[in-house]
Amino acid sequence: MNPYVLAILLSSLGLGTTLTFASSHWLLAWMGLEINTLAIAPLMAQHHHPRAVEATTKYFLTQATAAAMILFASTTNAWMTGEWDINNLSNPLASTMFMAALALKIGLAPMHFWMPEVLQGLDLLTGLVLSTWQKLAPFALIIQTAQDIDPLLLTLLGITSTLIGGWGGLNQTQLRKILAYSSIAHMGWMIIVIQYAPQLTMLALGTYIIMTSATFLTLKMSMTTKINTLATTWSKNPMLASTTALVLLSLGGLPPLTGFMPKWMILQELTKQDLPIIATTMALAALISLYFYLRLCYAMTLTVSPNTTNATTPWRTQTTQTPLPPALFITATLGLLPMTPTILMLTT
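Because the structure is a prediction, the values reported are computed rather than measured. (Residues numbered from 1 in each chain as written. Predicted model: local features only at pLDDT ≥ 70, side-chain atom pairs only at ≥ 80, totals over all residues. Heavy atoms only, no water.)

Things to note about the overall build of the protein
Quick note on the threshold: Strands here are runs of E lasting at least two residues and helices are runs of H or I lasting at least four, both read from the DSSP assignment and numbered beginning at the N terminus. Values of the radius of gyration come from C-alpha atoms, whereas the globule rule sets the reference at 2.2 Å times the count of residues to the power 0.38. Relative accessibility decides the category of a residue: with a 1.4 Å probe and only protein chains considered, values under 20% of the type maximum give buried, values over 50% give exposed, and everything between is partly exposed. Two residues form a contact once any of their heavy atoms are found within 4.5 Å. For the area figures, the Shrake-Rupley method with a 1.4 Å probe applies, and any residue is considered shielded solely by the protein chains shown. In this tally Asp and Glu are treated as negative and Lys and Arg as positive; neither His nor the chain ends contributes. Taken as the charge centre is NZ of Lys, CZ of Arg, CG of Asp or CD of Glu, depending on the residue.
Along its length, the protein carries 17 helices and zero strands. Taken over the C-alpha trace, the protein has a radius of gyration of 20 Å; the compact-globule value for 348 residues is 20 Å, and the two agree within 12%. Its C-alpha atoms put the protein at 70 × 50 × 35 Å along the principal axes. Counting all 348 residues of the protein, 53% fall into the buried class. Considering only residue pairs separated by 6 or more positions, the protein has 78% of its internal contacts joining residues 24 or more positions apart. About 15,400 Å² of surface is accessible on the protein, with carbon and sulfur atoms providing 70% of the total. Each charge class in the protein can be summarised by its mean position, and for the 13 positive and 10 negative side chains these summaries are 22 Å apart.

Here is the structure:
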């Protein structure tokens, strides 16, 4: 892609998200989301592969549907209340419709069906942008309006997403689909606590972005998109394979890695709010997700040669990727748990 076109598209992505962050008017927020969608569509279709074009079409249709629902919900709210202010979402119909639209935008279950299919059709770097940056603007709107949305709806969305995110990933062999289901499960953790402690949602979103970036960048470095090819990583680059395994365990939420921190705090908050059954359900759902991360770790570090892999072993070419971003994200993914008291002090 032409570097000037790429610069325009990336700056439009940044502009769309910033516009939604800064807006207090519904139309401006909607406009930011639309700029975001239109800016990422050419990035998704840049390889001209039929799967990439199909993924772009699916993504565009779901995002356009969600944007139309947001516009309809905000118009309904303005009609009922006479105000376009984001913080004044007092109409129950409008707030439910709005939450459904944003759930479709970020891929919360049961509006998640587009997410694995779209992510599977993209290359790893565009998939990284879709899994991280594209979640920021909708989450800014959800956090601003969470107090006006029905708590039962938020709880149901959270539990459903965590369960489906775990179950859906169990039977997958494609790493991008596994990461899509991982994303759905993490979104569930963020939504379940948003009505009680929005700062914990922001913490969970921050750690999710760090861990997902580390995963995508390490997979890009080892040029891997399937579990079969993952099994050949160890003989090519043992250091990268062992750190990738730790990054995956961090995504699963095992201590003493960074991924344990948001899960620990969210379970603690749910227990404080006297919701032991929901907390137990969430903890058990996290175990389902942990299974497929362990499966990836097993394929990567315990199935060393001589092994029978059906995949074509990639050549041991030197990667052209800069090693600094993966190194920084991996360090953050593995070592931020001791910072928990500082983060607690900042968030409370």
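Still more ground to cover, so stick around.
Some details on the nonpolar core
So the rule is basically this: Buried Ala, Val, Leu, Ile, Met, Phe, Trp, Tyr and Cys residues that are joined via side-chain atoms within 4.5 Å together make up what is termed a nonpolar core. Each domain's extent is set by a domain assignment, obtained either automatically or from a database.
The biggest cluster of nonpolar side chains holds 51 residues, and the ones touching the most others in it are Phe98, Met99, Leu108, Ile191, Ile192 and Leu270. No other element matches the eight residues that helix α4 (residues 92-106) contributes to this core. When we break this core down by domain, the ones giving at least three residues each are domain 1 (1-138) and domain 2 (150-307 + 322-347). In this structure Leu108 touches Met99, Ala103, Leu157, Ser161, Met187, Gly188 and Ile191, once residues within four positions along its chain are discounted. Counting 47 residues, the second largest nonpolar core, distinct from the first, contains Ala180, Leu248, Tyr293 and Ile330.

Side note on the pattern of salt bridges
Pairs may arise between side chains of opposite charge once their charged atoms sit close together. Which entries qualify depends on this criterion: By salt bridge we mean one thing: a side-chain nitrogen of Lys or Arg within 4 Å of a carboxyl oxygen of Asp or Glu.
Enumeration over the complete set of coordinates arrives at three salt bridges. Here Lys58 makes a salt bridge to Glu117, at a shortest N to O gap of 3.9 Å. One end of the pair, Lys58, is in helix α3 (residues 50-81); the other, Glu117, is in helix α5 (residues 114-120), and 59 residues separate them in sequence. Under the relative-accessibility criterion, Lys58 is labelled partly exposed at 29%. Judged by its relative accessible area of 37%, Glu117 is partly exposed. One salt bridge in this structure joins Lys177 and Glu117, with 3.6 Å as the shortest N-O distance. With Lys177 in helix α9 (residues 175-193) and Glu117 in helix α5, the pair connects residues that are 60 residues apart, well separated along the chain. Linked by salt bridges that have partners in common, Glu54, Lys58, Glu117 and Lys177 make up one network.

Quick word on the domain arrangement of the protein
Short version of the rule: Polar contacts here mean pairs of N or O atoms no more than 3.5 Å apart (in protein, one a potential hydrogen donor and the other a potential acceptor; neighbouring residues in sequence count only if both atoms are side-chain atoms). Each residue is assigned to one of three groups, with Ala, Val, Leu, Ile, Met, Phe, Trp, Tyr, Cys and Pro labelled nonpolar, Asp, Glu, Lys and Arg labelled charged, and all others, Gly among them, labelled polar.
Each assigned domain of the protein is listed here: domain 1 (1-138) and domain 2 (150-307 + 322-347). Taken together, the contacts link 25 residues of domain 1 with 28 residues of domain 2. For the pair domain 1 and domain 2, the interface holds five residue pairs in polar contact (both at pLDDT 80 or more). Within the residue set of the side of domain 1 that touches domain 2, elements represented by two or more residues are α4, α5, α6 (124-131) and α7 (133-145). Tallied by class, the residues present in the side of domain 1 that touches domain 2 amount to 15 nonpolar, seven polar and three charged.

What about empty space enclosed by the protein?
To be explicit about the condition: A cavity here means a set of points on a 1 Å grid, drawn over the protein atoms and nothing else, where a 1.4 Å probe fits but cannot get out; a pocket is an open set with protein on both sides within 12 Å along at least five of seven lines, and a residue lines either one if it has an atom within 4 Å of a point. Grid points are joined across faces, edges and corners, and a volume is the space filled by probe spheres set on the points.
As enumerated under the stated definition, the model contains four cavities of 30 Å³ or more in all. Considering only enclosed or pocket space, the largest cavity measures out at about 70 Å³ in volume. Tallied by class, the residues present in the lining of the largest cavity amount to five nonpolar, four polar and two charged. Looking at the second largest cavity, the residues that line it are Thr162, Ala185, His186, Trp189, Leu251, Gly252, Lys263, Ala286, Ser289 and Tyr293. The set of elements that each furnish at least two residues to the lining of the second largest cavity consists of α9, α13 (238-252) and α15 (276-301).

Some details on helix α2 (residues 26-44)
Convention followed: Multiplying 1.5 Å by the helix residue count minus one yields the expected span of that helix.
Compared with the 27 Å implied by 1.5 Å per residue over 19 residues, the 27 Å span of α2 between its first and last C-alpha is a close match. Listed as buried for α2 are Trp26, Ala29, Gly32, Leu33, Asn36, Thr37, Ala39, Ile40, Ala41, Leu43 and Met44. Summarising the contacts, the buried residues of α2 are in contact with α1 (3-22), α3, α4, α5, α6 and α7.

Thoughts on the side chain of Gln63
Residue placement: Gln63 occurs in helix α3. Using a relative accessible area of 3% as the deciding quantity, one classes Gln63 as buried. Sequence-distant contacts of Gln63, defined by excluding residues within four places in its chain, comprise Glu34, Thr37, Leu104, Lys105 and Trp114.

A word on the packing of α9 against helix α10 (residues 198-221)
Threshold: Each axis is a line fitted through C-alpha atoms, taken for helices only over the stretch in contact, and angles between the N-to-C directions span 0 to 180 degrees. Under this scheme an angle from 65 to 115 degrees is roughly perpendicular, one under 35 degrees roughly parallel, and one over 145 degrees roughly antiparallel; angles in between are oblique.
Viewed as axis vectors pointing N to C, α9 and α10 meet at an angle of 170 degrees, and their least axial separation amounts to 8 Å. In this view, α9 runs roughly antiparallel relative to α10, as classed from their interaxial angle. Along the contact surface, α9 presents Leu175, Leu179, Ser183, His186, Met187, Met190 and Val193, while α10 presents Pro198, Leu200, Thr201, Ala204, Leu205, Tyr208, Met211, Thr215, Phe216 and Leu219. Classifying every residue of the contact of α9 with α10 gives 13 nonpolar, four polar and no charged.

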